[in-house]
Amino acid sequence: MKPVPHATSLRRAPVQRRSAERLTRILDACAALLDEVGYDALSTRAVAQRAGVPIGSVYRFFGNKREMADALAQRNLERYVERVTERLQDARPGDWRAAMDAVLDEYLAMKRTAPGFSLVDFGNQIPVGSRHGEPNTRVADRLTGLLAGPLARTPGPDLRRAFLVAVETADTLVQLAFRVDPQGDEAIIAETRELLRAYLGRVLD
């Protein structure tokens, strides 16, 4: 079992393996219930029941459901970075197009299959319907650090700005694709991929 990242929303970080496993069950239950009932109907009591833990165990880690959603978003980001990192092992050094395909493809895969991801993703939509820039900034920062080496680039402000623009653009267009089609409209996704390649080509070619 992979450890749960110590999200900033945790009241107390797990120390023992048993505690970490309990936190994992709580976040898994939160993710499943988000898909089933949505954020407004989510409750800490329902999460505790689904996870098979006492309600006090939930409050040991989280003060409310917003903190749970924040921790789930942080876990999503860590898992996303892991997936992209694994994909990059098969890419040729310096091949930024393959790297960008991995970045977009893994996001789409999580959007389609990861429980709770459609509502929480990396923290952009809680409260539901409210989108703000901080999570995309975190994603851009992580991608800058992750991709600078394989792309033989300096992880400075120019590269970070390029990735931030790309992340913000892709985020908006992918949300559109999933509004048009619950599985993601393939034509819009193809246009998104071409747009990202055209923009990043000016920076990375």
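Conventions adopted
Residues numbered from 1 in each chain as written. Predicted model: local features only at pLDDT ≥ 70, side-chain atom pairs only at ≥ 80, totals over all residues. Heavy atoms only, no water. 1 Å grid on protein atoms, 1.4 Å probe; cavity = no way out; pocket = protein on both sides within 12 Å on 5 of 7 lines; lining within 4 Å. Points joined across faces, edges and corners; volume = space filled by probe spheres on them. Helix = DSSP H or I, 4+ residues; strand = E, 2+ residues; numbered from the N terminus. Nonpolar A, V, L, I, M, F, W, Y, C, P; charged D, E, K, R; others polar. Core = buried A, V, L, I, M, F, W, Y, C linked by side-chain atoms within 4.5 Å. Buried < 20%, exposed > 50% of the residue type's maximum accessible area, 1.4 Å probe, protein only. Contact = heavy atoms within 4.5 Å.

Q: Which parts of the structure should I look at to understand the layout of surface pockets?
A: Any empty space left between atoms is shown by rolling a water-sized probe over those atoms. Estimated volume of the second largest pocket: approximately 160 Å³. Lining the second largest pocket are 12 residues, and of these Lys111, Arg112, Ser118, Phe178 and Pro182 lie nearest its centre. Elements with a contribution of two residues or more to the lining of the second largest pocket: α5 (96-113) and α8 (157-180). The greatest single-element share of the lining of the second largest pocket, amounting to four residues, is contributed by α5. In the lining of the second largest pocket, the residues fall into four nonpolar, five polar and three charged.

Q: Can you walk me through the nonpolar core in this structure?
A: The nonpolar side chains of a soluble globular protein tend to be buried with one another. Counting residues in hydrophobic clusters, the biggest one holds 37 residues, and the most contacted among them are Tyr80, Met100, Leu143 and Leu147. The element contributing the most residues to this core is α8, with nine residues. Those residues in contact with methionine 100 that lie beyond four places of it in its chain are Leu147, Phe163 and Leu200. By size, the runner-up hydrophobic cluster in this structure holds 24 residues, among which are Ile26, Ala48, Val53 and Val58.

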